Amino acid sequence: MRWILAPFRWFWNVLWTPAGTLGLGFLTLGGFVGGVIFWGGFNTALEYTNTEDFCVSCHEMRDNVFEELSHTVHFSNRSGVRAGCPDCHVPHEWTDKIARKMQASKEVWGKIFGTIDTRQKFLEHRLVMAKREWSRLKANDSLECRNCHSEVAMDFSRQSPRAAEIHTEYLLSGQRTCIDCHKGIAHELPDMTGVEPGWTVPKELQGETQPGLSPAEEIQSFLMERQIGD
């Protein structure tokens, strides 16, 4: 019986034997508590940086891109669903979120050195910043868009014929991703001179009238959706 209890007794003695001035058990417990406090503080700070209040705390964001966002359907709509800054610029998964935070850390330097601290500077850098964000979304297959939008949940029968056809041929097949065609939906576009559009009319359809709703049909569709929503 003693040989069975011996390992446990040895472990207990090692755990509580003073290591210099403090016991190993105390150090272990202290390390655990310290780790919990550190992780809680780190995660709290991380989540705060994912709030809209944090994003617009700088006048560069508040007076430029946020002002533009406030006039779009992503900010105010009949269903009351709002997409804020972190919804479109921060991934939801923790690993992707940390990677995005590391990428965004260089924006601190822009703040310190006043890269876009005036409206004129912001407009001069708008195309560079837009291209960088388009490239990021292109590389991750429009991950932030897909946090809310899913092609498998789309009801193509409620889309215009043109949108339904394009989504079916290019989105479902993986030939294109959201940001290829949906630039400028939350912020004003920069000067697009020389910038190739994400979607162009396929060669086989060039010269043909593109499918879509007439103005009267668009009004009728809007009224029908409004009645369904009510």
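See the structure shown above.
Residues numbered from 1 in each chain as written. Predicted model: local features only at pLDDT ≥ 70, side-chain atom pairs only at ≥ 80, totals over all residues. Heavy atoms only, no water.

(A) Examining helix 6 (residues 94–104) more closely. Residues Lys97, Ile98 and Arg100 constitute the buried set of helix 6. Along the axis of helix 6, the buried residues cluster in a sector spanning 160 degrees; they form a single face. In helix 6, the exposed positions angled more than 90 degrees off the buried face are occupied by Thr95 and Met102. (Buried < 20%, exposed > 50% of the residue type's maximum accessible area, 1.4 Å probe, protein only. Helix = DSSP H or I, 4+ residues; strand = E, 2+ residues; numbered from the N terminus. Arc of directions from axis to C-beta.)

(B) Quick look at a nonpolar patch on the surface. A contiguous nonpolar patch, built from Leu29, Phe32, Val33, Val36 and Ile37 and spanning about 510 Å² of accessible area, is present on the exposed surface. When you line up the elements, Val36 lands in helix 2 (residues 24–48). (Patch = residues over 30% accessible without salt bridge, like charges linked within 9 Å, V, L, I, M, F, W, Y side chains within 5 Å. Areas by Shrake-Rupley, 256 points an atom, 1.4 Å probe, with all protein chains shown as cover. Salt bridge = Lys/Arg side-chain N within 4 Å of Asp/Glu carboxyl O.)

(C) Looking closely at helix 8 (residues 119–139). Given a rise of 1.5 Å per residue, 21 residues ought to cover 30 Å, and the 29 Å separating the end C-alpha atoms of helix 8 matches this to within 8%. Residues Phe122, Arg126, Ala130, Glu133, Trp134, Arg136 and Leu137 constitute the buried set of helix 8. Those residues of helix 8 that are buried lie in contact with helix 4 (59–69), helix 5 (85–89), helix 6, helix 9 (143–146) and helix 11 (178–181). One or two residues past the end of helix 8 sits Asp141, with phi positive at roughly 60 degrees. (Expected span 1.5 Å × (residues − 1). Contact = heavy atoms within 4.5 Å.)

(D) Just the packing of aromatic side chains, in detail. All told, the structure shown has six aromatic pairs when counted by the stated rule. An angle of 15 degrees between the planes, with centres 6.3 Å apart, marks the rings of Phe38 and Phe42 as stacked. Note that Phe38 and Phe42 are positioned in helix 2 at a spacing of four residues, about one turn of the helix. For the pair Phe66 and Phe75, a centre-to-centre distance of 5.7 Å together with 85 degrees between the ring planes defines the contact as edge-to-face. Feature note: the residues Phe38, Trp39, Phe42 and Trp94 constitute an aromatic cluster, connected by ring pairs. The ring of Phe75 carries Arg82 above its face, with NZ or CZ at 3.6 Å from the centroid. (Phe/Tyr/Trp six-rings, centres within 6.5 Å; stacked < 30°, edge-to-face > 60°. Lys NZ or Arg CZ within 6 Å of the ring centre and 35° of its normal.)

(E) Geometry of the nonpolar core. Formed by Val56, Phe66, Leu69, Phe75, Cys85 and Ala186, the largest nonpolar core amounts to six residues. In this structure, Leu69 is in contact with His74, Phe75, Ala83, Ala186 and His187, ignoring residues within four places of it in sequence. (Core = buried A, V, L, I, M, F, W, Y, C linked by side-chain atoms within 4.5 Å.)

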